[in-house]
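Observations on the three-dimensional arrangement
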Amino acid sequence: MPDIMLENPSRAMRLGVAGPVGTGKSSLIGLLCRELGTQLDLGVITNDIYTDEDARMLRAAGVLDADRIRAVETGACPHTAIRDDITANATAVEDLESDYPGMELVLIESGGDNLTATFSPALVDAQIFVLDVAGGGDVVRKGGPGIARADMLIVNKTDLAPFVGVDAHLMRREGEVARDGQPVIALSRNDPASVQSLTDWVLTTLAAYRAGDHQAIDPGPMAPHSHADGTTHEHASAGAHSH
Ligand SMILES: Nc1nc2c(ncn2[C@@H]2O[C@H](COP(=O)(O)OP(=O)(O)OP(=O)(O)O)[C@@H](O)[C@H]2O)c(=O)[nH]1
Ligand SMILES: [Mg+2]
């Protein structure tokens, strides 16, 4: 039975959206819901540390029925809930799918985190990493597993580039180099052609997933780091994790 599921996945595709704080993850999910909501059966899971702020923002935007947007309050650094112990997110996705049996795509937003946070391939089938031009033109060169190996890299808010003195096209080209030709989209919610490129990519990835031609990849674990409260994360391997 599991083999059949792998060859012809019958559950919704799970698409993760990660990236630093404020780069536009919720907005990108809102865009996808607006653009694809009439042709696909969609659901959304948001992750915030202490609140359900992002879920409330998306519900208020009216992009989907409010009940299709569920919040996970991680209570800890966001990457823990999308990579190390995915239980709360996996349960939230399964609940959504059982409440809406025809669901085709679940978008999962990570809480805003640092450059090294990535989703576990046990939670998502594909993942998008979001940077924005306002974070600085050199961010792509700083690298990290999401930038180098997420299924898609978004250089967001290109409409702001002239105001922050950043060359968005150079950032995109550097992304393509860092990713060995894997896709990068320079996106602005005000640029319909870029939004179309994003929706086309999502639909192409979903078609490949349904055909059994898409494989979930692991961009790699977080770099070891410590927090202000003295806790440390050491990921000697993808599974090891200590505080
Ligand atoms: N100019 C411009 N602003 C944008 C764009 N996309 C998002 N924003 C703005 O960027 C800010 C942050 O957007 P969010 O979508 O909340 O970012 P986020 O990554 O979800 O933030 P966290 O969940 O807090 O990490 C908001 O003020 C958005 O309106 C864009 O394409 N252009
Ligand atoms: Mg958000």
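Just so you know, these numbers come straight off a predicted model, no measurement behind them.

Rules used in this analysis
Residues numbered from 1 in each chain as written. Chains lettered and ligands numbered in written order. Predicted model: local features only at pLDDT ≥ 70, side-chain atom pairs only at ≥ 80, totals over all residues. Heavy atoms only, no water. Donors = N, O, S within 2.8 Å, 3.2 Å for Na, K, Ca; no water. Buried < 20%, exposed > 50% of the residue type's maximum accessible area, 1.4 Å probe, protein only. UniProt positions renumbered as here; feature names shortened; annotations may be inferred. Helix = DSSP H or I, 4+ residues; strand = E, 2+ residues; numbered from the N terminus. Contact = heavy atoms within 4.5 Å. Pairing = 2+ DSSP bridges. Axes fitted to C-alpha atoms, helices over the stretch in contact; angles between N-to-C directions. Near = heavy atom within 4 Å. Polar contact = N/O pair within 3.5 Å; in protein donor to acceptor, adjacent residues only side chain to side chain. Areas by Shrake-Rupley, 256 points an atom, 1.4 Å probe, with all protein chains shown as cover.

**Some thoughts on the coordination of the magnesium ion (ligand 2)**
Distances from the magnesium ion (ligand 2) to its protein donors, namely Ser26 (OG), Asp54 (OD) and Glu109 (OE), fall within the range 2.1 to 2.2 Å. A relative accessible area of 3% places Glu109 in the buried class.

**A look at the UniProt feature "binding site: GTP" (unreviewed entry) in the protein chain**
Within this numbering scheme, the UniProt entry marks Gly19, Pro20, Val21, Gly22, Thr23, Gly24, Lys25 and Ser26 as carrying the feature "binding site: GTP" (unreviewed entry). Among the structural elements, Gly19 can be located in the loop between β1 (13-18) and α2 (25-36). If sequence neighbours within four positions are ignored, Gly19 has contacts with Lys25, Gly111, Gly112, Asp113, Phe129 and Val130. Considering the arrangement of structural elements, one finds Pro20 in the loop between β1 and α2.

**Considering the sheet that holds strand β2 (residues 42-48)**
If you walk across this open sheet you meet the seven strands as β3-β2-β4-β1-β5-β6-β7, and the pairing is parallel. Looking at which strands have only one partner, the edges of the open sheet turn out to be β3 (69-73) and β7 (184-186). When strand polarity is set aside, the average angle formed by the axes of neighbouring strands in this sheet is 20 degrees. The sheet contact formed by strand β6 (residues 152-156) and β7 spans three bridges and is parallel. In the strand pairing of β7, Ile154 is matched with Ile185. Those strands touched by α2 are β1, β2, β4 (105-109), β5 (126-132) and β6, and its axis lies near 165 degrees from that of β4. Those strands touched by helix α9 (residues 168-178) are β5, β6 and β7, and its axis lies near 175 degrees from that of β7.

**Quick notes on the site of ligand 1**
Contacts to ligand 1 come from 17 residues, most closely from Lys25, Ser26, Ser27, Asp159 and Arg189. Taking Thr23, its main chain carries an N or O atom lying 3.2 Å from an oxygen atom of ligand 1. In this structure, Asp54 approaches ligand 1 through a side-chain N or O atom, which is 2.9 Å from an oxygen atom. When ligand 1 sits alone it has 660 Å² of accessible area, and the protein chains cover 74% of it. Among the secondary structure elements, those contributing two or more residues to the shell around ligand 1 are α2 and α3 (53-61).

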